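# Architecture and fold: a report
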Amino acid sequence: QLQVVESGGGLVQPGGSLRLSCAASGFNVNYHSIGWFRQSPGKWREGLSCVSSIDPRGRYADSVKGRFAISRDNAKNTVYLQMNSLNAEDTAVYYCAADSAVRSCVLLETNYDYWGQGTQVTVSS
């Protein structure tokens, strides 16, 4: 059974950093795309970043390019999202998701079949 579980959310001050983790089971993150998304109240779910064997450097939304970095630890079968220079607009529930197909990653939620439960990130002083 394919499963992803997020962790690492919390409360951080503006300008601070957090690292989110997405632990995978039932599949190898080295072969399948993993995407990070977020959703805040009243807004659509937004694709932030993704990584795949075809896109090992990752892809980023313009809203987080230069501030967020995606990485994989194949030994731990985990994908990370390092988030720097956080601001209030980054407050949201963050989700990771897995694509059961082996293909290039895209920031479209319809490409992802398995979703975690989400982790809350709150940026506030």
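### So, the sheet that holds strand E1 (residues 3-7)
Reading across the sheet, the 4 strands line up as E1-E3-E8-E7 and stay open at both edges, with antiparallel pairing between neighbours. Each of the sheet's edge strands pairs with one partner strand only, and the pair in question is E1 and strand E7 (68-73). Direction aside, the axes of adjacent strands within the sheet are offset by 20 degrees on average. As defined by bridge partners, E1 adjoins strand E3 (residues 18-25) across 5 bridges and the pair is classed as antiparallel. Across the sheet, residue Ser-7 finds its bridge partner in E3, namely Ser-21.

### Some details on the environment of Ser-52
Assignment of secondary structure puts Ser-52 in the loop between strand E5 (46-51) and strand E6 (59-60). In contact with Ser-52, not counting residues within four places along its chain, are Ser-33, Arg-72, Arg-103, Ser-104 and Cys-105. A polar atom in the side chain of Ser-52 sits 3.2 Å from the backbone nitrogen of Ile-54. Here the side chain of Ser-52 touches Asp-55 through a polar contact of 2.8 Å, side chain to side chain.

### Considering the side chain of Ser-21
Within the secondary structure, Ser-21 sits in strand E3. In this structure Ser-21 comes out as buried when scored by relative accessible area, which is 15%. Apart from residues lying up to four places away in sequence, Ser-21 is in contact with Val-5, Glu-6, Ser-7, Trp-36, Thr-78, Val-79 and Tyr-80.

### Quick notes on the pairing of strand E8 (residues 78-83)
Burial analysis of E8 places 5 of its 6 residues in the buried class, which makes it a mostly covered element. Pairing analysis gives 6 bridges linking E3 to E8, with the strands arranged antiparallel. Following the sheet pairing, Ser-21 is matched in E8 by Tyr-80. The pairing of E7 with E8 spans 6 bridges and is antiparallel. Its bridge partner being in E8, Ile-70 is matched across the sheet by Leu-81.

### A word on the environment of Ile-70
In this structure, Ile-70 sits in strand E7. For Ile-70, a relative accessible area of 8% corresponds to the buried category. Through-space distance from the C-alpha of Ile-70 to that of Arg-19 is 9.6 Å; in sequence the pair is 51 residues apart. Setting aside anything within four residues of it in sequence, one finds Ile-70 in contact with Ile-34, Trp-36, Ser-49, Cys-50, Val-51, Arg-57, Gly-58, Tyr-60, Val-79, Tyr-80 and Leu-81.

The rules we used
Residues numbered from 1 in each chain as written. Predicted model: local features only at pLDDT ≥ 70, side-chain atom pairs only at ≥ 80, totals over all residues. Heavy atoms only, no water. Pairing = 2+ DSSP bridges. Helix = DSSP H or I, 4+ residues; strand = E, 2+ residues; numbered from the N terminus. Axes fitted to C-alpha atoms, helices over the stretch in contact; angles between N-to-C directions. Contact = heavy atoms within 4.5 Å. Polar contact = N/O pair within 3.5 Å; in protein donor to acceptor, adjacent residues only side chain to side chain. Buried < 20%, exposed > 50% of the residue type's maximum accessible area, 1.4 Å probe, protein only.

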